[in-house]
Amino acid sequence: MTGHQLNRYLIQAKADINNKSIDTLVMGNEAADLDSMASALAYAYILSGCSSEKVIVPLMPIIREGFKLRTEAVYVFDQAGIDLNSLIFLDDINLGRLMEKVTSLALVDHNKLSALYEPYGKKVAIILDHHRDEGLYPQAFKKVIEPVGSCATLVGEELSRCCPELARDAHLATLLWGAILLDTVNLAPDAGRVTPKDEAVSETLTAICPLERNSYFAAIRKAKFNTNSLGTFDLLRKDYKEFKFSSICCGIASTLLPLALWGEKDPELCLSFETYVKQRSLDILISMNAYTDPEFNRDLAVYCADPDEHEKLIGFLAEKGLDLKTIEPGNQKPCLKGRISFHNQGNPDISRKKLSPMLDDYFSS
Ligand SMILES: [Mn+2]
């Protein structure tokens, strides 16, 4: 499986970053979702197929450890037979030293560099993106910025346009098609994401990819919500935001499994929360668990380093109409010094977006 052309390209690219100057470095955005990573990898491969004398390298702008949190990307990359060891992650390189050897940048799935990369803005030569055009980098000689459902669609267009030899590559097609199907919700018009261009590119990929559309989409969706492979630490950091409410540092994780199931997997939830709090110097850590069972449902886990603060906070949340019912997820071991409590949230309308301003008001008064 590792011997196919796409993997041979990746192995070469990874060797090239150490001993050659790089004509073009291709990168997606820092959120590094499936669309972004698939587009970067596929576009680098296509560009190098068009001009084999050039050194063209894709960069995944996250650390290697972060890849496994994107469970849908793990699934699609596996279906496409991609050897993860050959991918280049941030911790495989020294960014400053690498950029000295890079002549030009190709941005996919974004058109504005983040602060870390902004010093290299002058090198931007190509942009393929489906976000709003920020009108930056006038020196770029190629800008394709269109509001299609998925950036992978624009990469797919480049494939047919500039590199017909790769247009029969099933691994490449599997990669691009996965991103398009996930972003357009399986090309569903009701979801309001799909455009005629996404449909057209998807049609072309159907002929090359050995998978069936509906089952491929269903499997990607399932992988996205399947957190079985993740431990408590990974679940906490997968979709995590940190807030400063007055002098209180509060982390709120959004997780996709019921607390009952989480507690069964990990009987030391409190110790894990406590370690996480310590590492990030937090005062409070909350997990908002959203899942369907079969109705949409929410649970809430609240940890405070200060036990007195915990009691007051739960009292406040009760006043705010979250309708909390205390639950015991499995046989939980006690905390070392803080206090944790677990609840079903009877009012499922209160999301992180709504909870955070409430907490801000509470701690500011
Ligand atoms: Mn995108």
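Relevant structure appears above.
A quick note: this is a predicted structure, and the numbers were derived from the prediction, not measured. (Residues numbered from 1 in each chain as written. Predicted model: local features only at pLDDT ≥ 70, side-chain atom pairs only at ≥ 80, totals over all residues. Heavy atoms only, no water.)

Caption draft 1: Representation of the overall build of the protein in the model. Looking only at helices and strands, the protein features 14 helices and eleven strands. Its C-alpha atoms give the protein a radius of gyration of 23 Å, within 12% of the compact-globule value 21 Å for 365 residues. Across its three principal directions, the C-alpha atoms of the protein cover 65 × 45 × 40 Å. The buried share among the 365 residues of the protein stands at 53%. (Helix = DSSP H or I, 4+ residues; strand = E, 2+ residues; numbered from the N terminus. Rg over C-alpha atoms; globule rule 2.2 N^0.38 Å. Buried < 20%, exposed > 50% of the residue type's maximum accessible area, 1.4 Å probe, protein only.)

Caption draft 2: A look at the packing of helix 4 (residues 71–79) against helix 7 (residues 170–183). Interhelical geometry of helix 4 versus helix 7 gives an angle of 145 degrees and a closest axis separation of 8 Å. Pair helix 4 / helix 7 crosses with right-handed handedness. Mapping the contact onto sequence places E72, V76, F77 and Q79 in helix 4 and T174, L175, G178 and L182 in helix 7. Of the residues belonging to the contact of helix 4 with helix 7, the class tally is four nonpolar, three polar and one charged. (Axes fitted to C-alpha atoms, helices over the stretch in contact; angles between N-to-C directions. Left-handed = near helix turned anticlockwise from the far one by under 90°. Contact = heavy atoms within 4.5 Å. Nonpolar A, V, L, I, M, F, W, Y, C, P; charged D, E, K, R; others polar.)

Caption draft 3: How the structure looks around the state of the cysteines. In this structure the tally under the stated criterion is two disulfides. A sulfur-sulfur distance of 2.4 Å marks the disulfide that ties C50 to C162. Here the residue C50 occupies a position in helix 2 (residues 34–50), and C162 occupies one in helix 6 (residues 151–162), the gap between them amounting to 112 residues. In this model C270 forms its disulfide with C335; the gap between the sulfur atoms is 1.7 Å. Because the torsion about its S-S bond is 90 degrees, the bridge between C270 and C335 counts as right-handed. (Disulfide = S-S within 2.5 Å.)

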